[in-house]
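Coordinate analysis (summary)
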Amino acid sequence: MALRAAVLRHIQVPVQTLTATGSKPLPRWSLGASLRLFSSHDDHLTKEEVIDRVLDVVKSFPKVDPSKVTPDVHFQKDLGLDSLDNVEIVMALEEEFKLEIPDKEADNIDSCNLAIEYIYNHPMAG
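Residues numbered from 1 in each chain as written. Predicted model: local features only at pLDDT ≥ 70, side-chain atom pairs only at ≥ 80, totals over all residues. Heavy atoms only, no water.

We apply this condition: UniProt positions are given in the numbering used here, feature names are shortened, and annotations may be inferred rather than shown by experiment.
If you check an unreviewed UniProt entry, the chain appears there as Acyl carrier protein from Durio zibethinus. We quote the UniProt Function (unreviewed entry) comment for the chain here in full: "Carrier of the growing fatty acid chain in fatty acid biosynthesis. May be involved in the synthesis of short and medium chain fatty acids. Accessory and non-catalytic subunit of the mitochondrial membrane respiratory chain NADH dehydrogenase (Complex I), which functions in the transfer of electrons from NADH to the respiratory chain." According to its UniProt record, the chain has this under Subcellular location (unreviewed entry): "Mitochondrion".

**Quick word on helix α3 (residues 47-59)**
Operational definition: Every helix listed is a DSSP run of H or I at least four residues long, and every strand listed is a run of E at least two residues long, numbered separately from the N terminus. Helix span, expected: 1.5 Å multiplied by one less than the number of residues in the helix. Throughout this description, buried means an accessible area under 20% of the type-specific maximum (1.4 Å probe, protein chains only), exposed means over 50%, and partly exposed covers the range between. By definition, the arc is the one covered by directions from the helix axis to the C-beta atoms. A contact between two residues is defined here by any heavy atoms of the two lying within 4.5 Å.
With 13 residues, α3 should cover 18 Å at 1.5 Å per step; its first-to-last C-alpha distance of 18 Å lies within 8% of that length. All of the buried residues in α3 are V50, V54, L55, V57 and V58. Axial view of α3: buried residues confined to an arc of 160°, hence all on one face. Those residues of α3 hidden inside the fold are in contact with α4 (83-97) and α6 (112-121).

**Re the side chain of H74**
Cut-off, in case you're wondering: As used in this structure description, the phrase polar contact means that two N or O atoms lie within 3.5 Å; if the pair is within protein, one of them must be able to donate a hydrogen and the other to accept it, and residues adjacent in sequence are counted only when both atoms belong to side chains.
Structurally, H74 can be placed in the loop between α3 and α4. On the basis of relative accessibility, which here comes to 13%, the residue H74 falls in the buried class. At 3.2 Å, the side chain of H74 forms a polar contact with the backbone nitrogen of Q76. With residues near it in sequence (within four places) discarded, H74 still touches L79, D110 and S111.

**With respect to the side chain of D85**
On the secondary structure map, D85 appears in helix α4. On the basis of relative accessibility, which here comes to 4%, the residue D85 falls in the buried class. Here the side chain of D85 touches K63 through a polar contact of 3.1 Å, side chain to side chain. Ignoring any residue separated from it by four or fewer positions in sequence, one finds D85 in contact with F61 and K63.

**Quick notes on unusual backbone geometry**
Of note, the phi angle at K98 is positive, near 55°, even though the residue is not glycine. Looking at the element boundaries, K98 is found in the loop between α4 and α5 (103-108).

Next comes the structure, spelled out in structure tokens:
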């Protein structure tokens, strides 16, 4: 009971006020703003930041000619890399963005475009 009371003292419930006619409540808070306040990861990367960093990782790979790297490049078809190289690039991307990509997802990342989309949409990419 004491725990419940302590928790309830710290919870704030949004209040709605009625208009003068009493017909329709007006919210005193914005859902979008409130969700942003409760987000645990407010510093999400922009798409441009993800693109730049993914391209930098791929360009720095020893077997890659940096002049051939674009956001649309395929690791094996365009850069001539093999499946082991593909795994190494995905591992380098995990390290760069401080996240772990599950094996099933990592197997599907075979181009810069797929890497960019995966990382941009990952909530914990940093």
